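Tertiary structure, described
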Amino acid sequence: MKKVLLASACLFALAAPASAADLAARPYTKAPVAVASVYNWTGFYLGIVGGGAWEDSSGDPKMKGGFVGGTAGYNWQTGNVVFGVEADGSWADVSASVTGATVVPGFGVATATASSKTDAMGTVRGRIGYAVNNVLFYGTGGYAWIDNKITLSALGVSVSDSKWHSGWTVGAGVEAFFAPNWSVKGEYLYRSLGGETYFSGALPTGTLNFHTVQVGVNYHFNGPIVAKY
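The model shown is predicted, which means the values in this text are computed figures rather than measured ones.

Here's the deal with the pairing of strand β2 (residues 43-55)
Inspection of the sheet shows β2 paired to strand β3 (residues 64-78) by 12 bridges, in the antiparallel sense. Note on β3: the bridge partner recorded for V49 is G69. Here 11 bridges tie β2 to strand β11 (residues 208-220), and the two strands are oriented antiparallel to one another. Residue pairing in the sheet places A53 in a bridge with T212 of β11.

Next up, the structure:
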C-alpha cells in the first residue's frame, strides 16, 4: 500500500504541470469604443418664443414692449448646410401714447390722449445656416405682419380703429440642441411694416419699423441624434 501511495503521489506531481499547461488562456476583451453623437437638423419642430420690441423712430414717444407666442418650422440638412422655413405668431403689448392739449369744436381746449398699441405680430420666413454638429448659425428673412390699434381719447370719450400692417423682416440667430429633441435659440429681427390709414382716411400713418430680440425653445419630432462609432 505504501508503494501504491508513493506511486500515486509521483503521478499527481507529474500530471499537475501538464494540466496547468493545458488550461485555456484567458480571453482578451477589447475596451468598448466611445460613441459620438452626430446631430441631423432635418425634420419638423414646434416651439415657444418670446422677447422684446422697440420702434426704430427718430421721434418720441417710441412704441416698445414685449411679446410671447408659438413657432412652427421644418429644416432640411445637406452636409453642414441647413435650409428651413419657419412661421411664428405672438400676442404682443408694444405701445406708446402721448397726451396734450387740443381744440375740440364746441368745447374749446381739452386734454386729449393718442395711443398706438400692437396687439399681435408674426412672421413667415426662410432660414439658411451652417451647422457645427449641435449648433446652428443662420440668417433669416421673409414676410412680417402686425395687428395695430390707435385710440383717441378726449372729454371722457374714446374712439379706436385697428389695422393690419404687412411688410418684411430680416435678421440672424443661433440655435443649439441641449437635449436629444430639444433646442434653444436666440434671434434678432428687423421688421418694416407698411403704413395704413385709420379712421376712414382721417389719420394716415407712415412705415412702422421695429427692432426685436427674441429667445425660443423648440421640440424636434424626428429625434436628431445619430450614433456614430
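Examining the side chain of T151
Inspection of the secondary structure assignment puts T151 in strand β6 (residues 135-154). For T151, a relative accessible area of 14% gives the class buried. Among the polar contacts listed, one links the side chain of T151 to the side chain of S160, at a separation of 2.8 Å. Not counting residues within four places of it along the chain, the set of residues in contact with T151 comprises T113, A114, S115, S158, V159 and S160.

What to know about the side chain of S90
When you line up the elements, S90 lands in strand β4 (residues 81-104). Given a relative accessible area of 6%, S90 falls into the buried group. For S90, the contacting residues outside a window of four places in its chain are V49, F67, V68, G69, D119, A120 and M121.

Here's the deal with the packing of aromatic side chains
This model, assessed by the stated rule, comprises eight aromatic pairs. Summarising the aromatic geometry, the rings of W182 and Y219 are spaced 4.9 Å apart at their centres and angled 65 degrees between planes, so their arrangement reads as edge-to-face. Here the residue W182 occupies a position in strand β8 (residues 182-193), and Y219 occupies one in strand β11, the gap between them amounting to 37 residues. For W182, a relative accessible area of 38% corresponds to the partly exposed category. Ring pairs connect the aromatic residues F44, W182, Y219 and F221, which therefore count as one cluster. If you follow R127 out to its NZ or CZ, it ends over the ring of Y138, 4.4 Å from the centre. Lying across the ring of F67, R191 places its NZ or CZ 5.7 Å from the centre.

Describing a nonpolar patch on the surface
Taken together, the side chains of I48, F178, W182, V184 and V217 make up a nonpolar region of the molecular surface, amounting to roughly 460 Å² of accessible area. You can call V184 partly exposed: its relative accessible area is 38%.

Observations concerning unusual backbone geometry
The general pattern is negative phi for most residues beyond glycine and trans for most peptide bonds. In this model, D60 is joined to P61 through a cis peptide bond whose omega is 0 degrees. On the secondary structure map, P61 appears in the loop between β2 and β3. Although it is not a glycine, N133 sits at a positive phi angle of roughly 55 degrees. Structurally, the position occupied by N133 is in the loop between β5 (108-132) and β6. The partly exposed category is assigned to N133, whose relative accessible area is 34%. A positive phi angle is found at S200, which is not glycine, with a value near 55 degrees. Its location among the elements puts S200 in the loop between β9 (197-198) and β10 (203-204).

What counts, and at which threshold
- Residues numbered from 1 in each chain as written.
- Predicted model: local features only at pLDDT ≥ 70, side-chain atom pairs only at ≥ 80, totals over all residues.
- Heavy atoms only, no water.
- Pairing = 2+ DSSP bridges.
- Helix = DSSP H or I, 4+ residues; strand = E, 2+ residues; numbered from the N terminus.
- Buried < 20%, exposed > 50% of the residue type's maximum accessible area, 1.4 Å probe, protein only.
- Polar contact = N/O pair within 3.5 Å; in protein donor to acceptor, adjacent residues only side chain to side chain.
- Contact = heavy atoms within 4.5 Å.
- Phe/Tyr/Trp six-rings, centres within 6.5 Å; stacked < 30°, edge-to-face > 60°.
- Lys NZ or Arg CZ within 6 Å of the ring centre and 35° of its normal.
- Patch = residues over 30% accessible without salt bridge, like charges linked within 9 Å, V, L, I, M, F, W, Y side chains within 5 Å.
- Areas by Shrake-Rupley, 256 points an atom, 1.4 Å probe, with all protein chains shown as cover.
- Salt bridge = Lys/Arg side-chain N within 4 Å of Asp/Glu carboxyl O.

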